[in-house]
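In case you want the letters, here they are:
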Amino acid sequence: EIVKDAYKEVLSEEKEKVVNNGGLYVMGTNRHESSRIDGQLRGRSGRQGDPGTSRFFLSFEDDMFVVFGGDGLQNILKTFRVSEDMPVEAPQVTDALDKVQGAVEEKYREIREQILNFDEVLNGQRKVIYQRRQKVLFGSSEDTLKLMEEYNRDTVADIVKAQSSEDGETVDVDKVLEKVGQFFPPVRPVLDKGDLEGLDQEGVTAFVGVAVEEIFKSKMDELDAKAGQPGSLARSANYITMVSMDNAWSEHLQNMENLKESVVFLKYMGRDIVAEYKSEAYNMFQGLEDKMRFNSIYSLWQSLGAPAAQTAAQQ
């Protein structure tokens, strides 16, 4: 109120001049993609009962009318039989332009709805990852070791399953041993091909799983003895898991952005792009979880040292 009173004398004189000249004149040179914005602009010319005028000067060659208007607007010009430099003022023209603007608004409404649906899918995945990250970050050593033991079992099961027949009766033992040496280097020397031959998928999984579990416990005791305190392996596993999770999640975000851009083209095939996005996003998220686990296991076991046979050979 103090500021208003201070400028009231000057402003009242200027306001009177504006009112005497017909009020504020708003001139628009284009239609906005949203009629609400145009309405707000027109409203500036007559706020709170003040006099004012608004007028829009438009061209049928404006981008919005060319892209969304099609041949309909050009046919209107032919109907009125006017030259290119002659202004056209008619209710039919205004109605036609309003319809084009309405079509634009509907188009962008659909886009916003699609983006919202996309964001909801990604937000659900983000909540899951953040919850797991918090659990790893603030979990106890026992929780971390339990998680790694679970990762060990799942990874062994995946390795054996990938090298087994559909009925699970036949297992490619050589391939299994190769993958075990890749993901669990210290475990490979204690496994003999003869022990696995003749076993089915379940049998090989159980045999390799026991070997991985025993070596994991021995490595845990060995590291605790070297450090002079318990939890040494858990701290390493915690750090490796966090790094693997963050790296995989960053890559997943970029892949999801690429998916968002590519799935739009499915609309031209008559398919529901939101449903396609959700389906593909779910598959990608499943792959993300596996990638986090594989990277964590691979990095952790690489840090546990070379196989015993290899270490002896180096000595």
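Conventions used here
- Residues numbered from 1 in each chain as written.
- Predicted model: local features only at pLDDT ≥ 70, side-chain atom pairs only at ≥ 80, totals over all residues.
- Heavy atoms only, no water.
- pLDDT = per-residue confidence, 0-100.
- Contact = heavy atoms within 4.5 Å.
- Patch = residues over 30% accessible without salt bridge, like charges linked within 9 Å, V, L, I, M, F, W, Y side chains within 5 Å.
- Areas by Shrake-Rupley, 256 points an atom, 1.4 Å probe, with all protein chains shown as cover.
- Salt bridge = Lys/Arg side-chain N within 4 Å of Asp/Glu carboxyl O.
- Helix = DSSP H or I, 4+ residues; strand = E, 2+ residues; numbered from the N terminus.
- Buried < 20%, exposed > 50% of the residue type's maximum accessible area, 1.4 Å probe, protein only.

**What about the confidence of the model for the protein chain?**
Averaged over the protein chain, the pLDDT score is 84; the fraction of residues at 70 or greater is 92%. In the predicted structure, residues 307-315 sits below a pLDDT of 50 and forms 6 contacts with residues beyond four places in sequence or in another chain.

**Description of a nonpolar patch on the surface**
A contiguous nonpolar surface patch, about 500 Å² in accessible area, is contributed by Val66, Val67, Phe68, Tyr108, Ile111 and Ile115. Elements with a contribution of two residues or more to the nonpolar patch: helix H3 (63-69) and helix H5 (91-138). Among the structural elements, Ile115 can be located in helix H5.

**Description of the environment of Ser141**
Here Ser141 shows up in helix H6 (residues 141-162). Through-space distance from the C-alpha of Ser141 to that of Gly23 is 75 Å; in sequence the pair is 118 residues apart. Among residues more than four places away in sequence, those in contact with Ser141 are Gly231 and Ala234.

**With respect to the pattern of salt bridges**
Tallied over the entire structure, the rule returns 15 salt bridges. The salt bridge partner of Arg109 is Glu113, with a shortest N-O separation of 3.2 Å. One end of the pair, Arg109, and the other, Glu113, are both in helix H5, 4 residues apart, so they sit about a helical turn from each other. For Arg109, a relative accessible area of 37% gives the class partly exposed. Relative accessible area serves as the criterion here: at 40%, Glu113 is assigned to the partly exposed category. For the salt bridge of Glu276 with Arg271, the shortest nitrogen-to-oxygen distance reads 3.3 Å. Among the residues examined, Glu276 registers a relative accessible area of 26% and is labelled partly exposed.

**As for the side chain of Ser34**
Tracing the sequence through the fold places Ser34 in the loop between strand S1 (24-28) and helix H2 (35-43). Take Ser34: its relative accessible area is 19%, and that puts it in the buried class. Beyond its immediate stretch of four places on either side in the chain, Ser34 contacts Gln101 and Glu105.

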